[in-house]
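Chains, contacts and geometry: an overview
Here is how the chains run, residue by residue.
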Amino acid sequence: MIFGLTAVQTFLVILFLFSILYWIIPQKGQLFVFLLTTFAFAYMAYYLVPDELDDLSNYFFFLNRMKEGGKETLDEMISTGQFEWDTYRVAAYYFYFISFFDNPHYLTAVTIFIVYFLMFLVIYKASIRFEVDKLHTYLGTMFFLATYWYYDTASGIRNGLTFAVVFVCAYYHLVERKNIALCCIGYILAVFTHSSGIIPVMLVVLTVVTLNTSGKTFNFILMFSTAVASVGIGYLADITDNSLVQSLAGKTEHYTEKGAYDTSTMMMVNIAAFVFVFLLLLYVSEYLLDKKNPVKLNRFYKYVSNTMFFLIGAYFLNIVFHRFTRWIIPMLGALLFMIGMQRQKEKMTKEDRNYMLYTAPSGVRLKYNIRPFVMLAFVAFIVVHLWYDCNGSSLVWAHFEQEWLDQGIEFYW
């Protein structure tokens, strides 16, 4: 235990301390608060002990092998295709790098640090670029912290890391329009870290290619792109022996066979998060596409729109849906709220109050009148999801060594 606290209690304490520091320190120092919070989550991750059935147990085992055998063991693992490292060599070298540390627990600590640092960086950059005030930034950040699956990131390692790299690259590529060459390198690294990286990268490519394409027909096609992609990957697997294609084909078949009609509580929570963010997108869309605003967001809006309509079809590949709702939707919800609600506030300030109340188009008046309820619903969703985090999400599986011992449970080490 850390200071006598369980893993769930430690998580809540970190959120509480973040909130206190965030409101004490001026907004110019919010990056410092984000860094402290990142270190706190990484420190917590260091002490997590995996269950025997977690992937993390296997990762610890391989790290120990690499530490003992060095580069020769790494080469052997790659040549024999363990964890498909013959294809996803970036992951293999990442684990090899971690093996230089004196303790395998640095794997979770370093991974959590990288992932949360990248996500906080996006929030920070967005708050500066779009001049988001302190309240909207705080609520957006809390949405991210409440809905991002911490223990899945810490125990799964590769999935969370892959999605984080793709998302930060997508933000810089589509919004900041900076370091695009580095972003392309990031996309390649993500694809060769885990098979799950190919889909978010393809969504970025789709956004760039279809930037000037709109309409219900395109969205309808996008919803069924999952099935089309599955057939396409299967066809490529039949005509080529490329290891990446073969890996994707195998995983696609595996996911399809599992079926999509998952009615577990976790799936229902993921669906709720998706629906909530989709409704938020509809509410703030006109503020993201405001032609009078000097900072255009058409690329970001297109990326979000493509992702949301893709996920409607991806429900039938539930593992894909799970991954996006756990590692992409939290950040989309945070940014949509921060940027959209801030722009709405600015527009309301500039416009005459009587215009907004009486003479504005009905849609504008409706959004203006229900703004307090949207704010309240956003806060309520954060609170409810935090309750679920502590009572039903994978976070309840997070334990420190002493917790396992107190419960009389054997753990892998």
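Refer to the structure printed above.
Summarised in this report is the structure supplied together with it. Since we're looking at a predicted model, the values are computed, not measured. (Residues numbered from 1 in each chain as written. Predicted model: local features only at pLDDT ≥ 70, side-chain atom pairs only at ≥ 80, totals over all residues. Heavy atoms only, no water.)

Now for the overall build of the protein. Of regular secondary structure, the protein possesses 21 helices and zero strands. For the protein, the residues scored as buried account for 54% of the 413 residues in total. When contacts within the protein are restricted to residue pairs at least 6 apart in sequence, long-range pairs at least 24 apart make up 79% of them. (Helix = DSSP H or I, 4+ residues; strand = E, 2+ residues; numbered from the N terminus. Buried < 20%, exposed > 50% of the residue type's maximum accessible area, 1.4 Å probe, protein only. Contact = heavy atoms within 4.5 Å.)

Here the focus is the packing of aromatic side chains. Taken as a whole, this structure holds 46 aromatic pairs when the rule is applied. Geometrically, the ring pair formed by Tyr94 and Phe95 is edge-to-face, given 6.2 Å between the ring centres and 90° between the ring planes. Taking the centre distance of 3.8 Å and the plane angle of 10° together, the rings of Phe337 and Phe378 count as stacked. Of this pair, Phe337 sits in helix H18 (residues 329-350) while Phe378 sits in helix H20 (residues 362-391), and the two are 41 residues apart along the sequence. Grouping residues by exposure puts Phe337 and Phe378 together as buried. Ring pairing ties together the aromatic residues Phe11, Phe18, Tyr22, Trp23, Phe34, Phe41, Tyr116, Phe120, Tyr138, Phe144, Tyr148 and Tyr150, which thus form one cluster. Here the guanidinium or amino end of Arg326 rests over the ring plane of Trp149, the centre of that ring lying 4.0 Å away. Taking NZ or CZ as reference, Lys367 lies 5.9 Å from the ring centre of Tyr283, over its face. (Phe/Tyr/Trp six-rings, centres within 6.5 Å; stacked < 30°, edge-to-face > 60°. Lys NZ or Arg CZ within 6 Å of the ring centre and 35° of its normal.)

Attention now goes to the pattern of salt bridges. If you walk through the whole model with that rule in mind, you get seven salt bridges. One salt bridge in this structure joins Lys71 and Asp75, with 2.8 Å as the shortest N-O distance. Of the two residues, Lys71 and Asp75 are both situated in helix H4 (residues 71-80); the distance of four residues between them amounts to about one turn of the helix. Since its relative accessible area comes to 36%, Lys71 is described here as partly exposed. The partner of Lys367 in a salt bridge is Glu286, and the shortest N-O contact between them spans 3.1 Å. Of this pair, Lys367 sits in helix H20 while Glu286 sits in helix H15 (residues 265-288), and the two are 81 residues apart along the sequence. For Lys367, a relative accessible area of 15% corresponds to the buried category. Salt bridges sharing common partners tie together Glu286, Lys347 and Lys367. (Salt bridge = Lys/Arg side-chain N within 4 Å of Asp/Glu carboxyl O.)

This brings us to the side chain of Arg326. If you trace the backbone, Arg326 turns up in helix H17 (residues 318-327). With a relative accessible area of 11%, Arg326 lands in the buried category. A distance of 2.5 Å separates polar atoms of two side chains, one belonging to Arg326 and the other to Asp152. Arg326 has contacts with Thr147, Tyr148, Trp149, Asp152, Met266 and Asn270, leaving out every residue within four places of it along the chain. (Polar contact = N/O pair within 3.5 Å; in protein donor to acceptor, adjacent residues only side chain to side chain.)

There is a patch of nonpolar side chains on the surface, built from Val13, Phe16, Leu17, Ile20 and Ile24 and spanning about 480 Å² of accessible area. With respect to the secondary-structure elements, Phe16 resides in helix H1 (residues 7-24). (Patch = residues over 30% accessible without salt bridge, like charges linked within 9 Å, V, L, I, M, F, W, Y side chains within 5 Å. Areas by Shrake-Rupley, 256 points an atom, 1.4 Å probe, with all protein chains shown as cover.)

Within the fold, Thr207 resides in helix H11 (residues 198-209). In this structure, Thr207 is in contact with Leu174, Arg299, Lys302, Tyr303 and Asn306, ignoring residues within four places of it in sequence.

Quick look at unusual backbone geometry now. Its identity is not glycine, yet Arg177 carries a phi of approximately 60°, on the positive side. Along the polypeptide, Arg177 turns up in the loop between helix H9 (158-176) and helix H10 (180-191). In the Ramachandran plot, Asn179 falls in the positive-phi region, its phi being about 50° despite a non-glycine side chain. Structurally, Asn179 can be placed in the loop between H9 and H10.

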